[in-house]
Amino acid sequence: MLDLLRQPWPWYTSGIAIATIMVLLLFFGKSFGFSTNLRTICTIAGAGKRVKLFDFDWKTQKWNLLFLLGSVLGGVVAATFLDSGEPLHLSVATIKDLKQIGIQFDGQLNPAQIFGPDFISSPYGIFILLLGGILVGFGARYAGGCTSGHAISGLSNLQLPSLISVVGFFTGGLVMTHFLLPLIF
Amino acid sequence: MKGIKFIITGLIFGVIMAKSEAISWYRIQEMFRFQSFHMYGIIGTAVVIGLIAVYVIKKFKLKDTQGDQIIFHDKDKSWARYLIGGSIFGLGWALTGACPGPMFVNIGYGYWAMGIVVLGALMGTYLYGVIKNKLPH
(Lines give C-alpha, C1' and ligand atoms only; values in the text may rest on other atoms or scores of the structure.)
Protein backbone atom coordinates (compact mmCIF):
# COMPACT_ATOMS: atom_id res chain seq x y z
CA MET A 1 0.00 0.00 0.00
CA LEU A 2 2.74 2.44 1.02
CA ASP A 3 4.62 1.54 -2.16
CA LEU A 4 1.56 2.43 -4.20
CA LEU A 5 1.23 5.77 -2.40
CA ARG A 6 4.91 6.48 -3.01
CA GLN A 7 4.47 6.49 -6.78
CA PRO A 8 3.62 9.85 -8.34
CA TRP A 9 -0.18 10.00 -8.29
CA PRO A 10 -1.98 10.01 -11.63
CA TRP A 11 -3.83 13.21 -12.50
CA TYR A 12 -7.31 11.73 -12.11
CA THR A 13 -6.58 10.53 -8.55
CA SER A 14 -5.37 14.00 -7.64
CA GLY A 15 -8.29 15.72 -9.37
CA ILE A 16 -10.81 13.58 -7.52
CA ALA A 17 -8.96 14.10 -4.24
CA ILE A 18 -8.87 17.91 -4.62
CA ALA A 19 -12.60 17.98 -5.37
CA THR A 20 -13.12 15.83 -2.27
CA ILE A 21 -11.23 18.40 -0.16
CA MET A 22 -13.50 21.16 -1.50
CA VAL A 23 -16.63 19.12 -0.76
CA LEU A 24 -15.38 18.18 2.73
CA LEU A 25 -14.86 21.85 3.57
CA LEU A 26 -18.37 22.64 2.26
CA PHE A 27 -19.79 20.02 4.62
CA PHE A 28 -17.76 21.59 7.43
CA GLY A 29 -19.60 24.81 6.56
CA LYS A 30 -16.50 26.46 5.02
CA SER A 31 -15.41 27.58 1.57
CA PHE A 32 -12.15 26.36 0.01
CA GLY A 33 -9.93 29.38 -0.65
CA PHE A 34 -6.30 29.38 0.38
CA SER A 35 -5.13 32.94 -0.33
CA THR A 36 -7.51 34.33 2.30
CA ASN A 37 -4.89 33.10 4.78
CA LEU A 38 -2.45 35.72 3.50
CA ARG A 39 -4.94 38.44 4.43
CA THR A 40 -5.54 36.82 7.82
CA ILE A 41 -1.81 36.70 8.59
CA CYS A 42 -1.54 40.43 7.72
CA THR A 43 -4.39 41.08 10.16
CA ILE A 44 -2.71 39.07 12.94
CA ALA A 45 0.47 41.06 12.30
CA GLY A 46 -1.49 44.22 13.11
CA ALA A 47 -2.26 45.56 9.61
CA GLY A 48 -5.90 46.16 10.61
CA LYS A 49 -4.94 49.27 12.58
CA ARG A 50 -3.83 51.11 9.45
CA VAL A 51 -5.60 49.46 6.50
CA LYS A 52 -9.33 48.78 6.31
CA LEU A 53 -9.04 45.52 4.30
CA PHE A 54 -7.34 43.90 7.29
CA ASP A 55 -9.74 45.21 9.93
CA PHE A 56 -11.80 42.09 10.58
CA ASP A 57 -12.12 39.40 13.24
CA TRP A 58 -9.39 36.97 12.18
CA LYS A 59 -10.78 34.27 14.49
CA THR A 60 -13.48 33.61 11.85
CA GLN A 61 -10.61 32.34 9.68
CA LYS A 62 -8.91 30.24 12.34
CA TRP A 63 -10.12 27.07 10.62
CA ASN A 64 -8.32 28.14 7.42
CA LEU A 65 -5.06 28.78 9.29
CA LEU A 66 -5.35 25.26 10.73
CA PHE A 67 -5.86 24.02 7.18
CA LEU A 68 -2.68 25.91 6.22
CA LEU A 69 -0.80 24.30 9.11
CA GLY A 70 -2.08 20.91 7.92
CA SER A 71 -0.86 21.59 4.39
CA VAL A 72 2.66 22.30 5.67
CA LEU A 73 2.52 19.02 7.61
CA GLY A 74 1.29 17.33 4.43
CA GLY A 75 4.46 18.50 2.72
CA VAL A 76 6.53 17.06 5.57
CA VAL A 77 4.69 13.71 5.37
CA ALA A 78 5.06 13.51 1.58
CA ALA A 79 8.79 14.27 1.74
CA THR A 80 9.51 12.00 4.72
CA PHE A 81 7.39 8.92 4.06
CA LEU A 82 6.11 9.06 0.50
CA ASP A 83 9.11 10.00 -1.62
CA SER A 84 9.64 7.43 -4.36
CA GLY A 85 13.17 8.66 -4.97
CA GLU A 86 12.49 8.63 -8.70
CA PRO A 87 13.17 11.74 -10.80
CA LEU A 88 10.17 13.74 -11.97
CA HIS A 89 8.84 12.58 -15.35
CA LEU A 90 8.94 15.97 -17.02
CA SER A 91 8.12 16.12 -20.73
CA VAL A 92 11.15 16.10 -23.01
CA ALA A 93 9.92 19.23 -24.78
CA THR A 94 9.84 21.19 -21.50
CA ILE A 95 13.33 20.00 -20.54
CA LYS A 96 14.58 21.23 -23.91
CA ASP A 97 12.78 24.59 -23.68
CA LEU A 98 14.05 25.24 -20.15
CA LYS A 99 17.59 24.44 -21.24
CA GLN A 100 17.30 27.19 -23.83
CA ILE A 101 16.57 29.76 -21.14
CA GLY A 102 19.44 28.43 -19.07
CA ILE A 103 17.60 26.22 -16.57
CA GLN A 104 18.87 22.66 -16.24
CA PHE A 105 16.33 19.98 -15.32
CA ASP A 106 17.63 18.24 -12.18
CA GLY A 107 14.85 15.69 -11.63
CA GLN A 108 13.65 17.32 -8.40
CA LEU A 109 10.27 19.00 -7.85
CA ASN A 110 11.83 22.45 -8.03
CA PRO A 111 15.05 23.56 -9.71
CA ALA A 112 18.02 24.07 -7.38
CA GLN A 113 19.00 26.91 -9.70
CA ILE A 114 16.04 28.97 -8.40
CA PHE A 115 15.39 27.51 -4.94
CA GLY A 116 18.87 26.35 -3.97
CA PRO A 117 21.29 28.08 -1.57
CA ASP A 118 23.31 29.90 -4.26
CA PHE A 119 20.37 31.73 -5.83
CA ILE A 120 18.63 32.62 -2.56
CA SER A 121 21.80 33.99 -1.01
CA SER A 122 22.28 36.44 -3.87
CA PRO A 123 20.51 39.83 -3.81
CA TYR A 124 19.16 39.15 -7.31
CA GLY A 125 17.73 35.79 -6.25
CA ILE A 126 16.02 37.23 -3.20
CA PHE A 127 14.65 40.06 -5.34
CA ILE A 128 13.19 37.66 -7.94
CA LEU A 129 11.55 35.35 -5.37
CA LEU A 130 10.15 38.32 -3.43
CA LEU A 131 8.86 39.88 -6.64
CA GLY A 132 7.16 36.61 -7.65
CA GLY A 133 5.53 36.37 -4.24
CA ILE A 134 4.38 40.01 -4.35
CA LEU A 135 2.72 39.41 -7.74
CA VAL A 136 0.94 36.30 -6.44
CA GLY A 137 -0.23 37.97 -3.21
CA PHE A 138 -1.27 41.24 -4.82
CA GLY A 139 -2.98 39.53 -7.76
CA ALA A 140 -4.82 36.99 -5.61
CA ARG A 141 -6.34 39.66 -3.38
CA TYR A 142 -7.10 41.97 -6.33
CA ALA A 143 -8.88 39.13 -8.16
CA GLY A 144 -10.53 38.04 -4.89
CA GLY A 145 -9.10 34.53 -4.93
CA CYS A 146 -6.42 32.17 -6.17
CA THR A 147 -6.41 28.77 -7.85
CA SER A 148 -8.45 27.13 -5.08
CA GLY A 149 -11.03 29.91 -4.67
CA HIS A 150 -11.55 30.65 -8.36
CA ALA A 151 -10.39 27.71 -10.50
CA ILE A 152 -11.77 25.01 -8.17
CA SER A 153 -14.51 26.48 -5.93
CA GLY A 154 -15.64 29.23 -8.33
CA LEU A 155 -15.76 27.21 -11.55
CA SER A 156 -17.54 24.38 -9.73
CA ASN A 157 -20.24 26.92 -8.85
CA LEU A 158 -20.39 28.25 -12.45
CA GLN A 159 -19.16 31.71 -11.49
CA LEU A 160 -18.37 33.90 -14.51
CA PRO A 161 -15.97 36.08 -12.41
CA SER A 162 -13.98 32.94 -11.67
CA LEU A 163 -13.78 32.06 -15.35
CA ILE A 164 -12.53 35.61 -16.10
CA SER A 165 -9.96 35.21 -13.30
CA VAL A 166 -8.73 31.90 -14.72
CA VAL A 167 -8.37 33.56 -18.14
CA GLY A 168 -6.30 36.20 -16.31
CA PHE A 169 -4.18 33.54 -14.54
CA PHE A 170 -3.31 32.09 -17.93
CA THR A 171 -2.75 35.45 -19.61
CA GLY A 172 -0.21 36.40 -16.95
CA GLY A 173 1.29 32.91 -16.86
CA LEU A 174 1.80 32.76 -20.62
CA VAL A 175 3.36 36.24 -20.75
CA MET A 176 5.75 35.35 -17.93
CA THR A 177 6.65 31.94 -19.37
CA HIS A 178 7.16 32.93 -22.99
CA PHE A 179 8.33 36.56 -22.84
CA LEU A 180 9.69 37.44 -19.40
CA LEU A 181 11.38 34.27 -18.07
CA PRO A 182 14.03 34.33 -20.85
CA LEU A 183 14.93 37.86 -19.69
CA ILE A 184 14.95 36.99 -15.97
CA PHE A 185 17.11 33.83 -15.99
CA MET B 1 -10.77 19.57 19.66
CA LYS B 2 -12.92 21.01 16.89
CA GLY B 3 -10.02 22.28 14.81
CA ILE B 4 -8.35 18.92 14.29
CA LYS B 5 -10.50 18.05 11.28
CA PHE B 6 -9.17 21.13 9.47
CA ILE B 7 -5.58 20.16 10.21
CA ILE B 8 -6.23 16.66 8.88
CA THR B 9 -8.02 17.99 5.77
CA GLY B 10 -5.10 20.36 5.18
CA LEU B 11 -2.63 17.51 5.68
CA ILE B 12 -4.41 15.41 3.04
CA PHE B 13 -4.45 18.45 0.75
CA GLY B 14 -0.70 18.89 1.23
CA VAL B 15 0.02 15.24 0.48
CA ILE B 16 -2.16 15.39 -2.66
CA MET B 17 -0.47 18.54 -3.92
CA ALA B 18 2.98 17.05 -3.33
CA LYS B 19 2.28 13.58 -4.72
CA SER B 20 0.49 14.90 -7.80
CA GLU B 21 3.54 17.14 -8.32
CA ALA B 22 1.26 20.20 -8.50
CA ILE B 23 3.79 21.91 -6.19
CA SER B 24 6.48 21.50 -8.83
CA TRP B 25 7.90 24.57 -10.59
CA TYR B 26 8.69 22.29 -13.53
CA ARG B 27 5.10 21.05 -13.80
CA ILE B 28 3.78 24.62 -13.88
CA GLN B 29 6.23 25.42 -16.67
CA GLU B 30 5.08 22.33 -18.55
CA MET B 31 1.48 23.54 -18.15
CA PHE B 32 2.16 27.06 -19.43
CA ARG B 33 4.02 25.56 -22.39
CA PHE B 34 1.12 23.16 -23.17
CA GLN B 35 3.57 20.25 -23.18
CA SER B 36 1.70 17.86 -20.92
CA PHE B 37 -1.88 17.07 -20.03
CA HIS B 38 -0.94 16.47 -16.37
CA MET B 39 -1.96 19.77 -14.72
CA TYR B 40 -4.98 20.19 -17.02
CA GLY B 41 -6.07 16.69 -16.03
CA ILE B 42 -5.82 17.52 -12.32
CA ILE B 43 -7.69 20.83 -12.52
CA GLY B 44 -10.18 19.51 -15.11
CA THR B 45 -11.09 16.42 -13.07
CA ALA B 46 -11.42 18.50 -9.89
CA VAL B 47 -13.75 20.96 -11.63
CA VAL B 48 -15.95 18.27 -13.23
CA ILE B 49 -16.38 16.44 -9.90
CA GLY B 50 -16.83 19.81 -8.16
CA LEU B 51 -19.57 20.83 -10.61
CA ILE B 52 -21.48 17.60 -9.97
CA ALA B 53 -21.02 17.91 -6.19
CA VAL B 54 -22.19 21.54 -6.07
CA TYR B 55 -25.17 20.67 -8.29
CA VAL B 56 -26.19 17.80 -6.00
CA ILE B 57 -25.72 19.91 -2.84
CA LYS B 58 -27.94 22.66 -4.27
CA LYS B 59 -30.53 20.32 -5.79
CA PHE B 60 -31.09 18.34 -2.59
CA LYS B 61 -30.47 21.34 -0.30
CA LEU B 62 -27.90 19.34 1.66
CA LYS B 63 -26.85 20.45 5.14
CA ASP B 64 -23.40 20.77 6.68
CA THR B 65 -22.23 18.91 9.79
CA GLN B 66 -23.75 21.60 12.03
CA GLY B 67 -27.14 21.11 10.42
CA ASP B 68 -27.17 24.37 8.45
CA GLN B 69 -28.03 24.34 4.78
CA ILE B 70 -24.92 24.72 2.61
CA ILE B 71 -25.12 28.05 0.82
CA PHE B 72 -23.03 29.41 -2.04
CA HIS B 73 -22.23 33.08 -2.43
CA ASP B 74 -22.12 34.60 -5.88
CA LYS B 75 -18.97 36.59 -6.60
CA ASP B 76 -19.38 40.32 -7.31
CA LYS B 77 -20.21 40.96 -10.96
CA SER B 78 -17.34 42.76 -12.66
CA TRP B 79 -14.53 41.97 -15.04
CA ALA B 80 -11.70 44.47 -14.49
CA ARG B 81 -10.55 43.22 -11.10
CA TYR B 82 -10.70 39.59 -12.20
CA LEU B 83 -8.88 40.08 -15.46
CA ILE B 84 -6.20 42.49 -14.17
CA GLY B 85 -5.79 40.86 -10.76
CA GLY B 86 -5.82 37.42 -12.34
CA SER B 87 -3.13 38.40 -14.85
CA ILE B 88 -0.88 39.81 -12.11
CA PHE B 89 -1.39 36.57 -10.17
CA GLY B 90 -0.51 34.56 -13.30
CA LEU B 91 2.77 36.44 -13.74
CA GLY B 92 3.79 35.45 -10.21
CA TRP B 93 2.50 31.89 -10.55
CA ALA B 94 4.63 31.21 -13.61
CA LEU B 95 7.69 32.92 -12.08
CA THR B 96 7.66 31.10 -8.72
CA GLY B 97 5.85 27.96 -9.91
CA ALA B 98 3.63 28.20 -6.84
CA CYS B 99 0.21 29.52 -6.01
CA PRO B 100 -0.52 30.23 -2.32
CA GLY B 101 -1.34 26.64 -1.24
CA PRO B 102 1.68 24.97 -2.82
CA MET B 103 4.00 27.66 -1.37
CA PHE B 104 3.27 26.33 2.11
CA VAL B 105 3.30 22.66 1.07
CA ASN B 106 6.74 23.30 -0.46
CA ILE B 107 8.03 24.74 2.81
CA GLY B 108 6.90 21.55 4.55
CA TYR B 109 8.57 19.53 1.81
CA GLY B 110 11.85 21.20 2.66
CA TYR B 111 12.04 24.00 0.10
CA TRP B 112 12.87 26.73 2.60
CA ALA B 113 13.40 29.25 -0.20
CA MET B 114 9.62 29.32 -0.58
CA GLY B 115 9.62 31.25 2.70
CA ILE B 116 10.91 34.23 0.72
CA VAL B 117 8.04 33.79 -1.76
CA VAL B 118 5.54 33.66 1.13
CA LEU B 119 7.05 36.84 2.57
CA GLY B 120 6.60 38.46 -0.84
CA ALA B 121 3.01 37.22 -1.05
CA LEU B 122 2.26 38.81 2.35
CA MET B 123 3.84 42.07 1.15
CA GLY B 124 1.77 41.92 -2.03
CA THR B 125 -1.43 41.28 -0.06
CA TYR B 126 -0.66 44.22 2.22
CA LEU B 127 0.18 46.46 -0.75
CA TYR B 128 -3.19 45.63 -2.32
CA GLY B 129 -4.94 46.61 0.91
CA VAL B 130 -3.13 49.96 0.91
CA ILE B 131 -3.86 50.98 -2.70
CA LYS B 132 -7.17 49.13 -3.13
CA ASN B 133 -9.26 52.29 -3.50
CA LYS B 134 -7.10 53.65 -6.30
CA LEU B 135 -7.53 50.54 -8.49
CA PRO B 136 -10.29 49.79 -11.02
CA HIS B 137 -12.54 46.98 -9.78
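Above this text you will find the structure in question.
Keep in mind it's a predicted model, so treat the numbers as computed, not measured. (Residues numbered from 1 in each chain as written. Chains lettered and ligands numbered in written order. Predicted model: local features only at pLDDT ≥ 70, side-chain atom pairs only at ≥ 80, totals over all residues. Heavy atoms only, no water.)

Peer 1: I'd like to hear about the nonpolar core, residue by residue, with values.
Peer 2: By size, the foremost hydrophobic cluster in this structure holds 93 residues, and its most contacted members are Phe32(A) and Met103(B). Not counting chain neighbours up to four residues away, the residues in contact with Met103(B) comprise Val136(A), Ala98(B), Met114(B), Val117(B), Val118(B) and Ala121(B). (Core = buried A, V, L, I, M, F, W, Y, C linked by side-chain atoms within 4.5 Å. Buried < 20%, exposed > 50% of the residue type's maximum accessible area, 1.4 Å probe, protein only. Contact = heavy atoms within 4.5 Å.)

Peer 1: Give a detailed account of the interface of chain B and chain A, specifying residues and quantitative values.
Peer 2: The interface is formed by 105 residues belonging to chain B together with 122 residues belonging to chain A. Carbon and sulfur atoms supply 78% of the area buried between chain B and chain A, which totals about 10,000 Å² over both sides. Here chain B is connected to chain A by one salt bridge. Applying the counting criterion to the chain B and chain A interface returns 30 residue pairs in polar contact (both at pLDDT 80 or more). Secondary-structure elements contributing two or more residues to the side of chain B that touches chain A are α1 (4-19), α2 (25-32), α3 (38-59), α4 (80-96), α5 (100-109) and α6 (114-131) of chain B. Its residues assigned to classes, the side of chain B that touches chain A shows 62 nonpolar, 29 polar and 14 charged. (Buried area = accessible area lost by both parts, 1.4 Å probe. Salt bridge = Lys/Arg side-chain N within 4 Å of Asp/Glu carboxyl O. Polar contact = N/O pair within 3.5 Å; in protein donor to acceptor, adjacent residues only side chain to side chain. Helix = DSSP H or I, 4+ residues; strand = E, 2+ residues; numbered from the N terminus. Nonpolar A, V, L, I, M, F, W, Y, C, P; charged D, E, K, R; others polar.)

Peer 1: Can you explain empty space enclosed by the protein? Please cite residues and give values.
Peer 2: Here the structure, examined in full by the defined rule, presents one cavity of 30 Å³ or more. Its volume calculated, the largest cavity comes out at about 210 Å³. In this structure, the largest cavity is lined by 19 residues; those nearest its centre are Thr147(A), Ser148(A), Ile152(A), Met17(B) and Cys99(B). Of all the secondary-structure elements, those providing two or more residues to the lining of the largest cavity are α9 (147-156) of chain A together with α1, α3 and α5 of chain B. Of the residues that constitute the lining of the largest cavity, the class distribution is 16 nonpolar, three polar and no charged. (1 Å grid on protein atoms, 1.4 Å probe; cavity = no way out; pocket = protein on both sides within 12 Å on 5 of 7 lines; lining within 4 Å. Points joined across faces, edges and corners; volume = space filled by probe spheres on them.)

Peer 1: How would you summarise α1(B) if you had to cite specific residues and measurements?
Peer 2: The end-to-end C-alpha separation of α1(B) is 22 Å, in line with the 22 Å expected for 16 residues at 1.5 Å each. By the burial criterion, the buried members of α1(B) are Phe6(B), Ile7(B), Thr9(B), Gly10(B), Phe13(B), Gly14(B), Val15(B), Ile16(B), Met17(B), Ala18(B) and Lys19(B). The secondary structure elements touched by the buried residues of α1(B) are α1 (2-6), α2 (11-27) and α4 (62-81) of chain A together with α5 of chain B. Looking one or two residues beyond α1(B), the residue adopting positive phi is Glu21(B), at roughly 65°. (Expected span 1.5 Å × (residues − 1).)

Peer 1: Any chance you could break down a nonpolar patch on the surface for me, citing the residues and the numbers?
Peer 2: Taken together, the side chains of Leu160(A), Leu163(A), Val167(A), Trp79(B), Leu83(B) and Ile84(B) present a nonpolar region at the surface, about 570 Å² in accessible area. Elements represented by at least two residues in the nonpolar patch include exactly α10 (160-184) of chain A together with α4 of chain B. Here the element with the most residues in the nonpolar patch is α10(A); it accounts for three residues. On the secondary structure map, Leu163(A) appears in helix α10. (Patch = residues over 30% accessible without salt bridge, like charges linked within 9 Å, V, L, I, M, F, W, Y side chains within 5 Å. Areas by Shrake-Rupley, 256 points an atom, 1.4 Å probe, with all protein chains shown as cover.)

Peer 1: Pulling in residues and values, what's your account of unusual backbone geometry?
Peer 2: Residues and elements named next belong to chain B. Unlike most non-glycine residues, Phe-34 shows phi in positive territory, near 50°. By the secondary structure assignment, Phe-34 is in the loop between α2 and α3. Although it is not a glycine, Lys-61 adopts a positive phi angle of roughly 45°. Note on placement: Lys-61 falls in the loop between α3 and α4.

Peer 1: Hey, could you go over the pattern of salt bridges for me, with residue numbers and the actual values?
Peer 2: Tallying each qualifying case throughout the model produces four salt bridges over all chains. Here Arg33(B) ties to Asp97(A) by a salt bridge, and the two come within 3.7 Å at their closest N and O atoms. Pair noted here: Arg33(B) is in the loop between α2 and α3 and Asp97(A) is in helix α5 (residues 92-100), and the two residues belong to different chains. Under the relative-accessibility criterion, Arg33(B) is labelled buried at 11%. The residue Glu30(B) makes a salt bridge to Arg27(B) at a minimum N-O spacing of 2.8 Å. Residue Glu30(B) and its partner Arg27(B) are located together in helix α2, separated by three residues, close to a single helical turn. Residues Glu30(B) and Arg27(B) agree in their burial class; the two are buried. In the salt-bridge network here, residues are joined through shared partners; they are Glu21(B), Arg27(B) and Glu30(B).

Peer 1: If you had to explain the layout of surface pockets to someone new, which residues and values would you point to?
Peer 2: In this structure, the largest pocket encloses a volume near 1,100 Å³. Every residue lining the largest pocket is counted, 39 residues in all, and those nearest its centre are Ser31(A), Thr36(A), Gly144(A), His73(B) and Lys75(B). Contributions of two or more residues to the lining of the largest pocket are made by α2, α3 (36-44), α4, α8 (123-143) and α9 of chain A together with α4 of chain B. Among the elements that make up the lining of the largest pocket, the one with the highest residue count is α9(A) (four residues). Looking at the lining of the largest pocket, its residues break down into 12 nonpolar, 17 polar and 10 charged. Taken together, 17 residues form the lining of the second largest pocket, with Asp83(A), Glu86(A), Gly107(A), Leu109(A) and Tyr109(B) sitting closest to its centre. Looking at side-chain class alone, the lining of the second largest pocket contains nine nonpolar, four polar and four charged residues.

Take it as geometry only, folks, not as evidence of what the structure does.
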